[in-house]
Amino acid sequence: MKEEQRDLGFGINYKRKTKRIINKDGSFNVIKIGNSFSMRDTYQALLKMSWMRFTFIIFAYLVGINLLFALLYSVIGVENIRGITPGDLTHDFIKSSFFSLQTFTTVGYGHLSPSGNFISIISSIESILGLASFAMMTSVIYGRFSKPSARLLYSSNALIAPYQEGKSLQFRVVNTRMSMLLELHATVAIQFTTEKDGNYHRHYERLTLERDTILFFPLNWTIVHPIDKSSPLFKFNAEDLISQNVEIIIQIKGFDDTFGQTVHSRYSYLPEEIVWGGKFEPAYETSASGDIIFHVDQVHNHKKVSLK
């Protein structure tokens, strides 16, 4: 039997038509504004942001802090640094940058060293800041690498495919990592959007699956929703999916034996990503030696078929 959901957590009533609920990378299509930032959230923010943005922030911090101290050393005077012969402004700043970098990283080659109490205090502050900075960066980098996560690959299209004496909604998913996922459970829901007097209303229903749990996941998993008389898609065609702004919402969770924790994955399909009349082609074969060869890059392959 179909199971109606009042709200999945995405809201029901809107003044304007919205984009997809779940982006292709699994993130929610929500932009939060008006939320004050707390220093307590820094660690989580550094863990959640993209690798490109994280690398840029770390690089900008290292360059900025070293240039700041290099400027201080130049203002104090490079004559207070043993191993540097004073010159013009550019010469002094470059030499101060080298000294700042050696102090910040606590490398200390021995060629450059502070001379005088004031510059020794500044260099001591920088070396302590360098030790603290590298300790914090190490913890964040370790946290990013060790954070439990699933890396599932979903078929680029969901299919309306033949199933027994009727048809079904199908899509495939595969684990792209070498780790083993156990006891996977899939939850699939459908969202309909209707418009009346300029207001948009969302309606959700849970889709019954042929099999919503598997014990092991060494190959791909084709998740199937039989479109029978109890299905909310029973009398739908391709045009109906578009007219009602349908979105298929998916959540999969399972136990990852590498992390030793439960991991989650989210995905969604829009009407233009659903092929009406298709059938997935096998993505694995058996070699002459009896081994099973699985082609991950073929998980999207399907062929057109006719529907009854």
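All values derive from a computational prediction rather than experimental measurement.

1. Topic: the overall build of the protein chain
On a plain count of helices and strands, the protein chain comes out with five helices and 18 strands. Over its C-alpha atoms the protein chain spans a radius of gyration of 29 Å, topping by over 25% the 19 Å that the globule rule assigns to 308 residues. On the principal axes, the C-alpha backbone points of the protein chain span a range of 90 × 65 × 30 Å. Across the 308 residues in the protein chain, those meeting the buried criterion constitute 36%. Long-range contacts, defined as pairs at least 24 residues apart, comprise 68% of the intrachain contacts of the protein chain with a sequence gap of at least 6. Within the protein chain, one finds 32 positive and 28 negative side-chain charges whose respective centroids are separated by 4 Å.

2. Details of the packing of helix 2 (residues 51-76) against helix 3 (residues 89-104)
How two helices pack is summed up by the angle between their axes together with the distance between the axes. Two elements in contact, helix 2 and helix 3, have axes whose closest approach is 8 Å; the angle formed by their N-to-C orientations is 120°. As the angle between them shows, helix 2 and helix 3 are arranged oblique. Considering only the axes of helix 2 and helix 3, their crossing is right-handed. Contact residues: helix 2 offers Tyr61, Leu62, Ile65, Asn66, Leu67, Phe69, Ala70, Leu71, Tyr73 and Ser74, while helix 3 offers Asp92, Phe93, Ser96, Ser97, Phe99, Ser100, Leu101, Thr103 and Phe104. The residue inventory of the contact of helix 2 with helix 3, partitioned by class, reads twelve nonpolar, six polar and one charged.

3. Points about the environment of Ile81
Inspection of the secondary structure assignment puts Ile81 in strand 3 (residues 81-82). C-alpha separation for the pair Ile81 and Arg266, spaced 185 residues apart in sequence, amounts to 57 Å. Other than its neighbours up to four places away in sequence, Ile81 contacts Tyr73, Phe99, Leu112, Ser113 and Ile119.

4. What to know about helix 4 (residues 117-146)
Given a rise of 1.5 Å per residue, 30 residues ought to cover 44 Å, and the 43 Å separating the end C-alpha atoms of helix 4 matches this to within 8%. Taken as a whole, helix 4 has its buried residues at Ile119, Ile122, Ser123, Glu126, Gly130, Ser133, Met137, Val140, Gly143 and Arg144. Against helix 1 (42-48), helix 2, strand 3, helix 3 and strand 4 (113-114) lie the buried residues of helix 4.

5. Thoughts on the side chain of Ser265
Of note, Ser265 is situated in strand 13 (residues 261-269). The exposure class of Ser265 is buried, given its relative accessible area of 9%. For Ser265, the side chain forms a polar contact with the side chain of Tyr154, separated by 2.9 Å. Apart from the residues lying within four places of it in its own chain, the contact partners of Ser265 are Ala150, Leu152, Tyr154, Ile250, Gln251 and Ile252.

6. Comments concerning the pairing of strand 7 (residues 166-175)
Look at any regular strand and the pattern is simple: side chains alternate between the two faces of the sheet. Most of strand 7 is tucked away, with nine of its ten residues classed as buried. As judged from the three bridges shared by strand 5 (residues 152-154) and strand 7, these two strands associate in the antiparallel manner. Directly across from Tyr154, in strand 7, lies its bridge partner Val173. By the bridge criterion, five bridges tie strand 6 (residues 158-163) to strand 7 in an arrangement that is antiparallel. Within strand 7, the residue paired with Leu159 across the bridge is Gln170. Between strand 6 and the antiparallel strand that follows it, strand 7, lie two residues; Gln164 among them carries a positive phi value of about 50°. The sheet contact formed by strand 7 and strand 11 (residues 220-227) spans eight bridges and is antiparallel. Across the sheet, Leu169 pairs through a bridge with His225, a residue of strand 11.

7. Some words on the environment of Ser306
Locating Ser306 in the fold gives a position in the segment after strand 18 (302-304). Considered as a pair, Ser306 and Leu159 are 147 residues apart in the sequence and their alpha carbons are 12 Å apart.

8. Observations regarding the packing of aromatic side chains
What the rule picks out here adds up to nine aromatic pairs. Measuring from ring centre to ring centre gives 5.1 Å for Trp51 and Phe145, while their planes differ by 50°; the resulting arrangement is tilted. With Trp51 in helix 2 and Phe145 in helix 4, this pair connects stretches of sequence that are 94 residues apart. With relative accessibility at 61%, the residue Phe145 sits in the exposed group. The residue whose ring lies beneath Arg144 is Trp51, and the NZ or CZ to ring-centre distance is 4.1 Å. A cation over a ring is seen here: Arg144 above Phe54, with NZ or CZ 4.6 Å from the ring centre.

9. Things to note about helix 3
Its 16 residues give helix 3 an end-to-end C-alpha distance of 22 Å, which sits within 8% of 22 Å, the value for a rise of 1.5 Å per residue. At its buried positions, helix 3 is contacted by helix 2, strand 3, strand 4 and helix 4. Thr106, located one to two residues past helix 3, shows a positive phi value of around 55°.

Reading the values: rules and limits
Residue indices follow the written sequence of each chain, beginning from 1 at its first position. Under the rules for a predicted model, residues below a pLDDT of 70 receive no local features and side-chain atom pairs below 80 are neither given nor counted, while totals for whole chains, interfaces and linings still include all residues. Hydrogens and water molecules were not included; the side-chain quantities draw on all heavy atoms of the structure. By definition, any uninterrupted DSSP run of H or I lasting at least four residues is a helix, any uninterrupted run of E lasting at least two residues is a strand, and each is numbered from the N terminus. Throughout, radius of gyration means the C-alpha value; the globule benchmark is 2.2 Å times the number of residues raised to the power 0.38. Here the term buried applies to any residue with accessible area under 20% of the maximum for its type, exposed to any over 50%, and partly exposed to those in between, with areas from a 1.4 Å probe on protein chains only. By the convention used here, residues are in contact when the closest approach between their heavy atoms is within 4.5 Å. For the charge count, each Lys or Arg is scored as positive and each Asp or Glu as negative, with His and the chain ends excluded. Positions of charges follow a simple convention, taking NZ of Lys, CZ of Arg, CG of Asp or CD of Glu. Helix axes are fitted only over the stretch in contact, all axes being lines through C-alpha atoms; the angle between N-to-C directions runs from 0 to 180 degrees. Orientation is classified from the angle alone, with under 35 degrees giving roughly parallel, over 145 giving roughly antiparallel, 65 to 115 giving roughly perpendicular, and any other angle giving oblique. Helix crossings get a hand from a simple test, with the near helix turned counterclockwise from the far one by less than a right angle marking a left-handed crossing and a clockwise turn marking a right-handed one. When residues are grouped by polarity, Ala, Val, Leu, Ile, Met, Phe, Trp, Tyr, Cys and Pro land in nonpolar, Asp, Glu, Lys and Arg in charged, and all others, Gly among them, in polar. A helix is expected to span 1.5 Å multiplied by its residue count minus one. Definition of a polar contact: a pair of N or O atoms within 3.5 Å, with one able to donate and the other able to accept a hydrogen when the atoms are protein atoms, and with sequence-neighbouring residues admitted only if both atoms are side-chain atoms. Paired strands are those between which DSSP finds at least two bridges. Under the pairing criterion, centres of Phe, Tyr and Trp rings, with the six-membered ring standing for Trp, must be within 6.5 Å; the plane angle then separates stacked pairs below 30 degrees from edge-to-face pairs above 60, leaving the rest tilted. Definition used: whenever NZ (Lys) or CZ (Arg) falls within 6 Å of the ring centre and also within 35 degrees of the ring normal, the charge is taken to sit over that ring.

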